[in-house]
Structure formats: structure tokens, C-alpha cells
Amino acid sequence: MIIETIEVGGCRSYILGCTDTHTGAVIDPEISAIERYRGLASQHGLALRYAIDTHTHADHFSAAREIARALNAQVVMSHLSAAPFVDLRLDDGDMLIVGGLRMRAMATPGHTADSTSLLVRDHVFTGDTLLIGGTGRTDLPTGDPDQLYDSLFSKLLKLDPATHIHPAHEYKGRAGSTIGEEIATNPRLQKTDRAEFVAMMRALNISAPTHLTEALRVNMSGKKSVAQLLSEASGAVPFMAMDELARRLTRRQNDLIVIDVREKEQFDAGHLPGAMHLPRGQLELRVNDAFPDPTVRIVAICEFGKISTLAAATLRALGFMHAAALDGGMKAWREAGFALES
Ligand SMILES: [Fe+2]
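Here we summarise the structure given alongside this text. Here the residue numbering is sequential within each chain, running from 1 through the sequence in written order. Whole-chain, interface and lining totals are the exception, using all residues; otherwise, since this is a predicted model, local features are given only for residues with pLDDT of at least 70 and side-chain atom pairs are given and counted only at 80 or more.

## Some remarks on the sheet that holds strand β8 (residues 101-107)
As a reminder of what qualifies: Strands pair, by our definition, only if DSSP identifies at least two bridges between them. What counts as a helix is a DSSP run of H or I of at least four residues, what counts as a strand is a run of E of at least two, and both are numbered from the N terminus.
The 6 strands lie next to each other as β7-β8-β9-β10-β13-β14, forming an open sheet whose pairing is mixed. The open sheet terminates on both sides in strands that have one partner only, identified here as β7 (95-98) and β14 (177-178). Note: strand β10 (residues 123-127) against strand β13 (residues 164-167), 4 bridges, orientation parallel. Bridging across to β13, F125 finds its partner in H166.

## Side note on the nonpolar core
Note the cut-off: Defined on buried residues, the nonpolar core groups Ala, Val, Leu, Ile, Met, Phe, Trp, Tyr and Cys residues joined through C-beta atoms within 7 Å. Note on burial: count the other C-beta atoms lying within 10 Å of the residue's C-beta; 20 or more is buried, 12 or fewer is exposed, in between is partly exposed, and C-beta positions come from the backbone. Working definition of a contact: two residues with C-beta atoms, positioned from the backbone, lying within 7 Å.
One finds A51 and I67 to be the most contacted residues of the largest nonpolar core, which totals 49 residues. Counting residues per element, this core draws most heavily on β8, at 5 residues. The contact partners of I67, leaving out residues within four places of it in the chain, are V26, P29, I34, Y37, L48, A51 and A73. Counting 28 residues, the second largest nonpolar core, distinct from the first, contains A233, V258, A300 and C302.

## Regarding unusual backbone geometry
With glycine set apart, most residues show a phi of negative sign, and most peptide bonds adopt trans. A positive phi angle is found at N72, which is not glycine, with a value near 60°. Along the chain, the position of N72 falls in the loop between α2 (64-71) and β5 (74-78). Phi is positive for R121, close to 50°, though the residue is something other than glycine. If you trace the backbone, R121 turns up in the loop between β9 (116-120) and β10.

## So, the packing of helix α3 (residues 145-155) against helix α5 (residues 194-203)
What counts here: Throughout, an axis means a line fitted to C-alpha atoms (over the contacting stretch in the case of helices), and angles, computed between N-to-C directions, take values from 0 to 180 degrees. Reported orientations rely on four angle classes, namely roughly parallel under 35 degrees, roughly antiparallel over 145, roughly perpendicular from 65 to 115, and oblique for the rest. The sense of a crossing depends on the near helix, which, turned anticlockwise from the far helix by less than a right angle, makes the crossing left-handed and, turned clockwise, makes it right-handed.
Running from N to C, α3 and α5 cross one another at 125°; their axes reach a closest spacing of 9 Å. By the angle between their axes, α3 is oblique relative to α5. Crossing geometry of α3 relative to α5 is assigned as right-handed. Contact residues: α3 offers P145, D146, L148 and Y149, while α5 offers R194, F197, V198, M201 and R202.

## Observations regarding the sheet that holds strand β16 (residues 256-260)
The strand order β15-β19-β18-β16-β17 describes an open sheet built from 5 strands, whose pairing is parallel. Where the open sheet ends on each side, the last strands, each with one partner, are β15 (239-240) and β17 (276-277). In this structure, β16 lies alongside β17, joined through 2 bridges in parallel fashion. Across the sheet, the residue bridging to I259 is M276, located in β17.

Everything listed is a geometric property; what it means functionally is a separate question.
Okay, here's the thing in C-alpha cells:
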């Protein structure tokens, strides 16, 4: 049996593999580590059959769907997960067969309603239900300290004390732990009385994870993060360098239109010589009048270079085949000392 641990920030994901059959599963994959999962799987000669999320993550962008698509694997989550793209939904006690390995799903709600732990031989993937020296928080959407108490004290902690735990987070780089070690040393598990445990969990005052609402939105819907939207737009348009555009403006050739997509106030305060003002918010409604010729060369400009990328991508999508965006924005343009007018 292979267990590979992949760390990204404080998040841990895993590749589980059966050495006899060369089949495997990835658990809690994160979007920024996609190439590492692929690399590790091929290094071990594993065909990944399942991409499993132990719960709806609020702190990172899940890669389960992308991996499943790319590798022809199945996305696996709990029956209670909201994500519409799950192929295989698990109930408590369901088992997945990964080659010669049997992986049993244990419903362990509390951190989230859909939290599921996965038991394979003497290893348990605990998601955010049980961490090394801690537990998952219960103050995020669908969290419930009462349920966490039951999941821990009536389920996970009843496993053989020698069982190795593999949590979805580890912030201090500790290599591993067992159920027995956690029972003995995990500070949160010393509160064995339900009321005391619940009170302790309610009193924790942990700051919200960065990207909380965005990660929930993306993981629950399978749609895009803002960063993904921008990176797709920048893959779909060409850019023009500032010095190239400056040179073309000085030559005063009448072969390209510069559109400034910022708001009026910003435009009035200073813009490129000859730039046309067409705010991003009005772009789609005004293109027909503004650019009757679809072959015209258009360079979009904004303050930082992001909105102009989206504007250029929109123009391309609308059939303006020579639309591009400035590499950089007005801020960089001003700092570089290029010509302005107001
Ligand atoms: Fe979590």
C-alpha cells in the first residue's frame, strides 16, 4: 500500500495506492498541486480511480473535479455534499474498492455536515474532523460542535488505538500520529464531557479562512474562482507591451484604437493620448456603435491590467479578432513616464 502526503500551505492531501493492481485514489486534492498528483501517480505507476473530498472545503479550491476529468476518475463525496458534479456519493459504512484495498466511509459530521472519514486497514483519513493535536473548527457553515463530539467520541476514537491518522490539515509539519496518541495528548480531546466539549468549541474565536466565501462557492458549484476567470481570459487574448504601444502612438498611424475601460473620473484625470473612453460596464452595449468594423485593431487599457484583460477577452468572444490588452495598466504606464493627456 502506498500513502503519499502532499502539503500545500497548511493543507494536506494524499495519494493512496494499491501496489498489486496499480490503482489509486487522491484524497482532498488542491488545485495548485494538480501537476504533483499527476507526477506522483505516474512515478508509482498508479491509475487514479477516485478523487475524493472528505468534505466541502472552505479554505482551498478543490481539484477533485479537474483531476477526475483529466484522468477519467470519479469524484467522490458524501451524500450530504452540495456539489452537483459528484459522481459517487457515499453513505456511512459504504466501501470503495481501490484495487486490493478496501476503503470504508465513516460519516463524521461536525466540522461540516458532509464530513466523511475514510478507513483503510490501519490508516484513517480524517479530513478536518480530527487533526494532530486538534480538531476541525465548527463555526463555519454547516458546522456543529454537538455532532463533532459524537463523531469523535463515538466513532473515530473507538478505532484501534494503533490506527494512523491522516488529517486534511497540519500546520506544524508533524509527520503523523495515531488514535491512541491523540486520545492521550490532543488537548481538545481531554474535554470528554459533551457539554464541556461543546462549550470549548463555541468559545474558540478563530479568524475566518482567506477566500472563505469564494472557496465555498467554487467547491459547492464547480464553477470558477476569480483568479481562474482572469487566467482563462489572459490565455485567450494577446497583449501589447507598453513600449510597443508608446511607439505606435508616436508614429500616429491610424491603425489601432486604444480603449480606456476605466470609470469616467479616472479617465478624466489622465489617459493615453487619443484613447477612447468606453467603461467596462457599458462595453457589450456599445460595441456595435463604437466598432462597426470587426477587423479593427483594439487595445484595451485599465488601471491595473486585469479589467482590460477581461474586456479584451469579451471583445474577442464577440468577434473582434484583433482585440488585445495592454501588458500592464495605467498605473505602470504613468510610472514608466509614458505620454498622458487629460
Ligand atoms: Fe475543512
